[in-house]
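Residues per chain are reported as follows:
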Amino acid sequence: MRPDTTTATSPRAAGHLSPVGHPWTMLTLATLGFAVNFWAWALLSPLGPRFKETLDLSSFEQSLLVAVPVVVGSLGRIPVGALTDRFGGRVMFPLVSAATIVPVLYLGLFGHSSLIALLVGGFFLGIGGTAFAVGVPFVNRWFPPERRGMAIGVFGAGMGGTAISALTTVNLVDAHGMANPFLITAAALAVYAVVAAVLLRDAPGRTVPTEPLPRRLADTARLPVTWQASALYAVAFGGYVAFSVYLPTYLKTGYGLGQADAANRMAGFVLLAVAMRPVGGWLSDKVGSVRVLAASLAVVVVGAAVQSATPPLAPLGTVAFLAMAAALGAGSGATFALVALLAPANKVGSVTGVVGAAGGLGGFIPPLVMGAIYSASGSYALGLLLLALVSAAALAFTVTRVRRAAASQGTSP
């Protein structure tokens, strides 16, 4: 294991603090913030089929609509992660949450009458997706190296905010009108921004980088762990994001499910992936990140290959999707357990930003590809086969290059 000279991240070192400054309190607050921001980030996805019908969108336009917040939130993680290294989560969490309120209100009150208006709102809705790059370095500094996989896995469960959106958005629109879910989410963001500003504390002794932002990003780009973890996260978390935004459309088009039924099944996929993320982190602490990643990617290869044949949804299709959900969640947790161990302590935010961007971009491309393939061929088979091939390549990369890199750092593979 790579030696860590920072004492501020140890719960024992922080044990003399008040409960407000306790590591588990900070982890809980960070996870809640991640969930609320991801709830906002995912508001457009469950409504994609509705907008397709009411605005007469093509499959590609619908895919673009739900993918825009993903790509903006992903790329935005690069500067936000670096800014978190500099200013800390105590500043950045309330700031990101407050900024996300504006596009949420715009979409709910004004921005849902045309594709252009939705794309503009979706662009700025991407701010909510940057919260991930705030939380990982914030949580990382509160825990010692041997517990960071578990801690960051627990924080990563905040991606369940997308399940909140999947379970509630369509029903709230049906019952109370288009503005309702957006107003509720904006209120939740406002409450969290105030709570975070009052209660969040950065870990004692946090190292504040003094180099200019461009230099820090350039240094980050030269770290091997940045690109190794980026490649793996693009598949693991990218696959999760792609399914979470496109699964309702896939189930509605490929299996003829109703909008509410498709959204509920997507929520089940998301909840399982969320539950497995801390498990992946915990297992990484116990048996090594590389082993967890390899097993997760192998499951995705098999699941995607099976689903490419469009088997009956009950039971084989459901089993394939749930297996992939569990594997993608565990693989996402394992990736950041690897980052927490191998990235320099004062660059975890910067590395997280780049890796998080790769994961989000990994989720941006598949919905567009799936929409384009279905429009051209009337089948999703080729898209799922591509997922199987990409996952197989990531598996080979994991058991070769990544395993050697982890071993060279004295970390159990």
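That block above? That's the structure.
Residues numbered from 1 in each chain as written. Predicted model: local features only at pLDDT ≥ 70, side-chain atom pairs only at ≥ 80, totals over all residues. Heavy atoms only, no water.

**Q** I'd like a rundown of the overall build of the chain, residues and numbers included.
**A** Each helix and strand in the chain was counted, giving 16 helices and 0 strands. The C-alpha radius of gyration computed for the chain amounts to 20 Å, which stays within 12% of the reference 22 Å derived for 413 residues, consistent with globular compactness. Here the C-alpha coordinates of the chain stretch approximately 55 × 45 × 35 Å along the principal axes. Buried positions account for 58% of the 413 residues belonging to the chain. A separation threshold of at least 6 residues defines the contact pool for the chain, and within that pool the share at least 24 residues apart is 85%. Roughly 14700 Å² of accessible area belongs to the chain as shown, and the carbon and sulfur atoms make up 70% of that amount. Placing the 24 positive and 12 negative side-chain charges of the chain at their respective mean positions leaves the two points 9 Å apart. (Helix = DSSP H or I, 4+ residues; strand = E, 2+ residues; numbered from the N terminus. Rg over C-alpha atoms; globule rule 2.2 N^0.38 Å. Buried < 20%, exposed > 50% of the residue type's maximum accessible area, 1.4 Å probe, protein only. Contact = heavy atoms within 4.5 Å. Areas by Shrake-Rupley, 256 points an atom, 1.4 Å probe, with all protein chains shown as cover. Lys, Arg positive; Asp, Glu negative; His and termini not counted. Charge placed at Lys NZ, Arg CZ, Asp CG, Glu CD.)

**Q** Account for the pattern of salt bridges, with residues named and values stated.
**A** Tallying each qualifying case throughout the model produces 5 salt bridges. Between Asp 174 and Arg 50 there is a salt bridge, and its shortest N-O distance comes to 2.4 Å. A residue pair is termed long-range when its members are at least 10 positions apart, and Asp 174 in helix α8 (residues 161-176) and Arg 50 in helix α2 (residues 48-54) qualify at 124 residues. By relative accessible area, Asp 174 is classed as exposed at 51%. One salt bridge in this structure joins Asp 85 and Arg 141, with 2.6 Å as the shortest N-O distance. On the criterion of sequence distance, the pair formed by Asp 85 in helix α3 (residues 59-87) and Arg 141 in the loop between α6 (131-140) and α7 (145-156) is long-range, its members being 56 residues apart. As far as burial versus exposure is concerned, Asp 85 and Arg 141 are alike and both buried. (Salt bridge = Lys/Arg side-chain N within 4 Å of Asp/Glu carboxyl O.)

**Q** Explain the environment of Ala 166 to me, and be specific about the residues and the numbers.
**A** Considering the arrangement of structural elements, one finds Ala 166 in helix α8. By relative accessible area, which is 2% here, Ala 166 ends up buried. A sequence separation of 50 residues divides Ala 166 from Ile 116, and the C-alpha atoms of the two residues are 23 Å apart. Apart from residues lying up to four places away in sequence, Ala 166 is in contact with Pro 46, Ala 263, Met 266 and Ala 267.

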